[in-house]
Amino acid sequence: MDPALIDEAVARVETRLGETYLGCDVWHVETGLALHGSGLHAGLLKRLTDDLRESLAAGSLPGQETWYLLDLDDDRTLVVVCAAPLEAALLARTSTLDLDALVDETVPALAADLAGATGTDR
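(A) Fine view of a negative patch on the surface. Taken together, the side chains of Asp98, Asp100, Asp104 and Glu105 present a region of like negative charge at the surface. For Glu105, the location among the structural elements is in helix H3 (residues 99-118).

The following block contains the structure:
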């Protein structure tokens, strides 16, 4: 795992989103160890993601795949990108967010960059 590549991946997201970007945390799926932080509380987000996976597994819905999105209060959108063995939470300003670009370009690029930082293919 290359921490410099993780930092570069986050920097590319920040560049792509510009003023819409509000922060990004990256953590290890198994350990919960924060590898890049903007103060988004990686531990809480790891627990939320784990709970989501468990709830989907217990229900009749298919499992969570690569990412999920939450529309939060105060003009905030949270996207969690799952690129095992890493996960990332990206916080953006909802009012200026281009959702198509986020889904079609930013999320897949971040997932690929995180996979590259760990030497895994995505």
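Structure's up, so let's keep going.
(B) Local environment of helix H1 (residues 3-17). With 15 residues, H1 extends 21 Å from end C-alpha to end C-alpha; this agrees with the ideal 21 Å at 1.5 Å per step. Within the sequence span of H1, burial applies to Ile6, Ala9, Val10, Val13 and Leu17. The arc enclosing the buried residues of H1, seen along the axis, measures out at 95°, which places them on a common side. Here the buried face of H1 lies against strand S1 (21-28), strand S2 (34-36), strand S5 (86-93) and H3.

(C) Representation of the sheet that holds strand S3 (residues 67-72) within the structure. With antiparallel pairing, five strands are arranged side by side in an open sheet as S2-S1-S5-S4-S3. The sheet terminates laterally at S2 and S3, the two strands that pair on one side only. Strand-to-strand twist in this sheet, taken as the mean axis angle between neighbours without regard to direction, amounts to 20°. Pairing geometry for strand S4 (residues 76-83) and S5, over eight bridges, is antiparallel. Bridged to Ala83 within S5 is Leu86. Sitting on the sheet, H1 touches S1, S2 and S5, and the angle it makes with S1 is about 155°.

(D) A look at a nonpolar patch on the surface. Together, Trp67, Leu69 and Leu99 make up a nonpolar patch on the protein surface, roughly 250 Å² of accessible area in all. Judged by relative accessible area, Trp67 falls into the partly exposed class, the value being 32%.

(E) Region of the structure containing the pairing of S5. Among the eight residues that make up S5, seven are buried, leaving the element largely enclosed by the rest of the structure. Two elements, S1 and S5, share seven bridges in a ladder whose sense is antiparallel. Paired with Tyr21 across the two strands is Ala92, which belongs to S5. Between S4 and S5, which pair antiparallel in sequence order, lie two residues.

What counts and how
Residues numbered from 1 in each chain as written. Predicted model: local features only at pLDDT ≥ 70, side-chain atom pairs only at ≥ 80, totals over all residues. Heavy atoms only, no water. Patch = residues over 30% accessible without salt bridge, like charges linked within 9 Å, V, L, I, M, F, W, Y side chains within 5 Å. Areas by Shrake-Rupley, 256 points an atom, 1.4 Å probe, with all protein chains shown as cover. Salt bridge = Lys/Arg side-chain N within 4 Å of Asp/Glu carboxyl O. Lys, Arg positive; Asp, Glu negative; His and termini not counted. Charge placed at Lys NZ, Arg CZ, Asp CG, Glu CD. Helix = DSSP H or I, 4+ residues; strand = E, 2+ residues; numbered from the N terminus. Expected span 1.5 Å × (residues − 1). Buried < 20%, exposed > 50% of the residue type's maximum accessible area, 1.4 Å probe, protein only. Arc of directions from axis to C-beta. Contact = heavy atoms within 4.5 Å. Pairing = 2+ DSSP bridges. Axes fitted to C-alpha atoms, helices over the stretch in contact; angles between N-to-C directions.

Spatial relationships are all this shows, so hold off on functional conclusions.
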